Amino acid sequence: MVVELLPHWSYLGWSPVITAAVAAAVVSLAMAWTTAPSAVVEVGLGIVGVTGLWLAARVARWRTTSLVITTTRLVRRSGVLARRGLDIRLDRINEVSYHQSLAGRMARTGALQIEVGGEAGVVVLDHVRRPAAVAGVVHEQIAALGRSARERPDDTPPAGLPAMPADPVPRRTVGERLVELEDLRRRGILTESEFADKRAKLLDRL
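To keep things clear, this report deals only with the structure shown in the data block. Everything quoted here is computed from the prediction, not taken from an experiment. Throughout this description, residue numbers start from 1 for each chain and increase along the sequence as written. In keeping with the predicted nature of the model, local features appear solely for residues at pLDDT of at least 70, side-chain atom pairs appear and are counted solely at 80 or more, and the whole-chain, interface and lining totals rest on all residues. Heavy atoms from the whole structure form the basis of all side-chain values; hydrogens and water molecules are not counted.

Focus: unusual backbone geometry
Counted only if it meets this: Only runs of H or I of at least four residues qualify as helices and only runs of E of at least two qualify as strands under DSSP, and these elements are numbered from the N terminus. Burial here depends on accessible area, computed with a 1.4 Å probe over protein chains only, as a share of the maximum for the residue type. Under 20% is buried, over 50% is exposed, and the range in between is partly exposed.
Positive phi, close to 55°, is recorded for histidine 127, a residue that is not glycine. Among the secondary structure elements, histidine 127 is positioned in strand S7 (residues 121-129). On the basis of relative accessibility, which here comes to 30%, the residue histidine 127 falls in the partly exposed class.

Laid out in structure tokens, this is it:
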């Protein structure tokens, strides 16, 4: 795995704003109308409860949605109970671009547009944090995959000889992974908390 990202907080939509506004309105009403009938209080609390559940559901969906870029694939997973997935091989990607509105540029979010060969066409991934940097990571991995394919030796045995088993692909060391994580943090693709969490997991392997 090269990088794993949660969606931008804009994925939550208006649910945090509306929940906070409703809660503030109910509290203000309760303070101003101290003799309000119990039915009014119950209705107000019910509205707060509904908006709170809406916010909780959006947060749960946000926490269970991720975009993962590996050295060979781009993977999108989402869903709390029912899971949905999108798995694209990097060698099938023809073009990667991104789009940001003015508000998206200010919030550092946008959409990735991925042109995939075959019937898939263009795949759009919304609410991507720092889409320009993420698009750059995808381009880097596609280029690295192309270099690896060009540098791979021709292991086809002469006619009549059995094929030799391929050498195992060497694993990257923990030190190399830490250097990659530091680079992703420096470029703003990983937040400080994500960097610290992944760094701790790597150090546990030592």
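Now that the structure has been shown, we can carry on.
Observations concerning the nonpolar core
For clarity, the cut-off: Working definition of a nonpolar core: buried Ala, Val, Leu, Ile, Met, Phe, Trp, Tyr and Cys residues. They are joined through side-chain atoms within 4.5 Å. Only heavy atoms matter for contacts: two residues are in contact if any of them lie within 4.5 Å across the pair.
Membership of the largest hydrophobic core comes to 26 residues, with the highest contact counts inside it found for Val3, Leu112 and Leu125. Elements represented by at least two residues in this core include exactly strand S1 (3-5), strand S2 (66-69), strand S5 (93-99), strand S6 (109-116), S7, helix H4 (131-151), helix H5 (174-186) and helix H6 (192-204). The element contributing the most residues to this core is H4, with four residues. Discounting residues that sit within four places of it in the chain, valine 3 has contacts with Leu67, Val68, Ile69, Val137, Leu184, Ile189 and Leu190.

Looking at the sheet that holds S2
Note the threshold: At least two bridges found by DSSP between two strands are what make those strands a pair. Axis definition: a line fit to C-alpha positions, over the contact stretch in the case of helices; interaxial angles, taken between N-to-C directions, run 0 to 180 degrees.
What the four strands build is an open sheet, ordered S1-S2-S3-S4; its pairing is antiparallel. Each of the sheet's edge strands pairs with one partner strand only, and the pair in question is S1 and strand S4 (84-89). Recorded for the sheet is a direction-independent mean angle of 10° between the axes of neighbouring strands.

Thoughts on the packing of aromatic side chains
Put simply, the test is: Any pair of Phe, Tyr and Trp rings, taking the six-membered ring for Trp, is counted once the centres come within 6.5 Å. Such a pair is stacked with planes under 30 degrees apart, edge-to-face with planes over 60 apart, and tilted for the rest. The rule is short: NZ of Lys or CZ of Arg within 6 Å of the ring centre and within 35 degrees of the ring normal puts a charge over the ring.
The tally for this structure, following the rule as stated, stands at zero aromatic pairs. Arginine 58 extends its terminal NZ or CZ atom over the ring of tyrosine 11, reaching a point 5.0 Å from the ring centre.

Some details on the pattern of salt bridges
Note that side chains of opposite charge can pair when their charged atoms are close. Threshold: In what follows, salt bridge is the name for a side-chain nitrogen of Lys or Arg lying within 4 Å of a carboxyl oxygen of Asp or Glu.
This structure, assessed with the given rule, holds three salt bridges. Measuring nitrogen to oxygen at the nearest pair gives 3.0 Å for the salt bridge that ties aspartate 87 to arginine 73. Of the two residues, aspartate 87 is situated in strand S4 and arginine 73 in strand S3 (residues 73-78); the sequence distance between them amounts to 14 residues. For aspartate 87, a relative accessible area of 36% corresponds to the partly exposed category. Note that aspartate 87 and arginine 77 form a salt bridge whose closest N and O atoms lie 4.0 Å from each other. A residue pair is termed long-range when its members are at least 10 positions apart, and aspartate 87 in strand S4 and arginine 77 in strand S3 qualify at ten residues. The network of salt bridges with shared partners includes Arg73, Arg77 and Asp87.

A few points about the packing of helix H1 (residues 15-32) against helix H2 (residues 38-63)
How we decide: Here the word oblique covers every angle except those under 35 degrees (roughly parallel), over 145 (roughly antiparallel) and from 65 to 115 (roughly perpendicular). Each crossing gets its handedness from the near helix: less than a right angle anticlockwise from the far helix is left-handed, clockwise is right-handed.
At a minimum axis separation of 9 Å, H1 and H2 run at an interaxial angle of 160°. Judged by the inter-axis angle, H1 sits roughly antiparallel to H2. Considering the relative orientation of H1 and H2, their crossing is left-handed. Two secondary-structure elements touch here, H1 through Ser15, Pro16, Ile18, Thr19, Val22, Ala23, Val26 and Leu29 and H2 through Val40, Gly44, Ile47, Val48, Thr51, Gly52, Trp54, Leu55 and Arg58.

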